[in-house]
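Listed here are the chains, written in short residue letters.
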Amino acid sequence: MTSGRPLTFLQSSDWHLGSALTGGGLSFTPEVRAARRDEVDAAAERAVAAAASCGAEALLVPGDLWDAENVPPATIHRLLEAFASFAPRPVFVAPGNHDFAGPGGYYDPTLLSALGMRPWPENVVVFRGPEWAAVPFPGRDDVAVVGRAFLSSAAVVERPLAPPPPRPSTPHALLLLHGSLESYAGPDSPRGTKRTAPFSANEVAGAGFSWVALGHHHHDQVVSDEEGRPCGAYAGCPTGRGLDEAGPRFFLRVTLPAGGSPPVVEKIPADTRVVRDLAVDVSELDAGPLAEKVEATFRDAGVEAPDLVRVTLTGTQAFGARPADILRPLALRVRHLAVRDQTEPPAPDPEPRSAEGRFTTDLLAVRAGAADDAQRRVADLALRLGRDALLGRPIRPPEAEDR
Ligand SMILES: [Mn+2]
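A brief report on the enclosed structure follows.

Procedures and definitions
- Residues numbered from 1 in each chain as written.
- Predicted model: local features only at pLDDT ≥ 70, side-chain atom pairs only at ≥ 80, totals over all residues.
- Heavy atoms only, no water.
- Helix = DSSP H or I, 4+ residues; strand = E, 2+ residues; numbered from the N terminus.
- Rg over C-alpha atoms; globule rule 2.2 N^0.38 Å.
- Buried < 20%, exposed > 50% of the residue type's maximum accessible area, 1.4 Å probe, protein only.
- Lys, Arg positive; Asp, Glu negative; His and termini not counted.
- Charge placed at Lys NZ, Arg CZ, Asp CG, Glu CD.
- Donors = N, O, S within 2.8 Å, 3.2 Å for Na, K, Ca; no water.
- Pairing = 2+ DSSP bridges.
- Axes fitted to C-alpha atoms, helices over the stretch in contact; angles between N-to-C directions.
- Salt bridge = Lys/Arg side-chain N within 4 Å of Asp/Glu carboxyl O.
- Disulfide = S-S within 2.5 Å.
- Parallel < 35°, antiparallel > 145°, perpendicular 65-115°, else oblique.
- Contact = heavy atoms within 4.5 Å.
- Nonpolar A, V, L, I, M, F, W, Y, C, P; charged D, E, K, R; others polar.
- Polar contact = N/O pair within 3.5 Å; in protein donor to acceptor, adjacent residues only side chain to side chain.

### A short note on the overall build of the chain
Per the secondary structure count, the chain includes nine helices and 15 strands. Its C-alpha radius of gyration of 27 Å places the chain more than 25% over the 22 Å reference for a compact globule of 403 residues. The principal-axis extent of the C-alpha atoms belonging to the chain is close to 90 × 50 × 40 Å. Taken over 403 residues, the chain has a buried fraction of 49%. Charge separation in the chain, taken as the distance between the mean sites of 41 positive and 52 negative side-chain charges, equals 2 Å.

Written out as structure tokens, the structure is:
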């Protein structure tokens, strides 16, 4: 059966609404963290707005809408309102391992009414059961949608596509699947506890659906069949929360053409901010050139004012140097800048007969025996100023420490 009409929909998942954002390596200030949490919680609103403006006839959400069972009701209320605003167009939701559909959870209508909350909107189809279910697509008898729910957060060992659920006989058949593509290439790799409901690219292609909307892993990745024809994808999470979610974030606009031509996948920017994780070798660079090199790295990476950035400084710097201080003005150029100083002092002068060589050896021994970080910094500073003095360089004590 071939289709006479194309179908366009927007795919997004892994919103993790209600995330605490206490980790992630970006060292957020309380103010930036609070603002970012609000942006994480706005993912449903952004997805619905993007779906509406790109002409999508439906929104597909294959799981992990919220981060944990204990997210506040207000976060869920915001989600439900966003979905309702997309009516009469349908939203299809397949609960994942974070937002699993257990009794007494937010997918349970009795919980919502017990809490005095609004019900799930009528335009939202939630696959609440653990077995595959096929549902019609409102207003399109040439489309059917298949999905299922996680009922707990426990990792699933069984392979969901071996065998795959039956493909409905409609021209367009969509499958929502939360789990681990074994060839997924992102940093949140499908190993250890992150691996759940595993499947291969061949199993995705072999299931025979027009499109498989994948959720669980957090970077966008398209799955193609052996002829290179796209047959499914992860959209990834739309709001970078930490360094493991660095880089641009997308919604996927997918069009299934009439007549069975290959799906057309288009990335739509999902966030105005990008998490960036940059490393710069600042070996032997003094203040001016060091700042210039970091600025050049920002330019090359395409860093923009709204971004959330970590810079790791590597290479060698003089004993006691504090290169992170030099980058303070750069913090004004982005929303958030965390600087990690991983520079190391240069190898000591191997010339034991010179005064400078003996001084260096002695001070390095003092540094090695330092009881704590403060003592170590004193040794670093003595070493730096002492070597400068012995080598006839200008002596420039650092500014007083601000803590
Ligand atoms: Mn997820």
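### Focus: the coordination of the manganese ion
Bound to the manganese ion on the protein side are Asp 14 (OD), His 16 (NE2), Asp 64 (OD) and His 218 (NE2), at distances that span 2.1 to 2.3 Å. Asp 64 gets classed as buried once you look at its relative accessible area, which sits at 0%.

### Quick look at the sheet that holds strand 15 (residues 336-341)
Strand order across the open sheet formed by three strands is 13-14-15, with parallel pairing between neighbours. The open sheet has two edge strands, strand 13 (275-281) and strand 15, and neither has a second partner. When the angles between neighbouring strand axes are averaged without regard to direction, this sheet yields 20°. When strand 13 meets strand 14 (residues 308-314), the two strands line up parallel, connected through seven bridges. For Asp 277, the partnering residue across the bridge sits in strand 14 and is Arg 310.

### A look at the pattern of salt bridges
Considering all chains together, one arrives at 24 salt bridges under this definition. In this structure, Arg 78 and Asp 38 form a salt bridge, with 3.0 Å as the shortest nitrogen-oxygen distance. One end of the pair, Arg 78, is in helix 3 (residues 73-84); the other, Asp 38, is in helix 1 (residues 30-41), with 40 residues separating them in the sequence. For Arg 78, a relative accessible area of 25% corresponds to the partly exposed category.

### Considerations on the state of the cysteines
Tallying each qualifying case throughout the model produces zero disulfides. The thiol sulfur of Cys 54 is not disulfide-bonded, and the nearest other cysteine sulfur, from Cys 237, lies at 19 Å. Using a relative accessible area of 14% as the deciding quantity, one classes Cys 54 as buried.

### Quick look at the packing of helix 2 (residues 43-53) against helix 3
The interhelical angle for the contact between helix 2 and helix 3, taken along N-to-C directions, is 5°, at an axis separation of 8 Å. It follows that helix 2 is roughly parallel to helix 3 by the angle criterion. Packed against helix 2, whose contacting residues are Ala 44, Glu 45 and Val 48, the element helix 3 presents Arg 78, Leu 79, Ala 82 and Phe 83 at the interface. Taken together, the residues of the contact of helix 2 with helix 3 break down into five nonpolar, no polar and two charged.

### With respect to the environment of Thr 8
Here Thr 8 is to be found in strand 1 (residues 7-11). With 343 residues separating them along the chain, Thr 8 and Glu 351 place their C-alpha atoms 72 Å apart. Those residues within four positions of Thr 8 in sequence are excluded, and the remaining contacts are Gly 55, Ala 56, Glu 57, Ala 58, Arg 253, Val 254 and Thr 255. Of the polar contacts made by the side chain of Thr 8, one reaches the side chain of Thr 255; its length is 3.1 Å.

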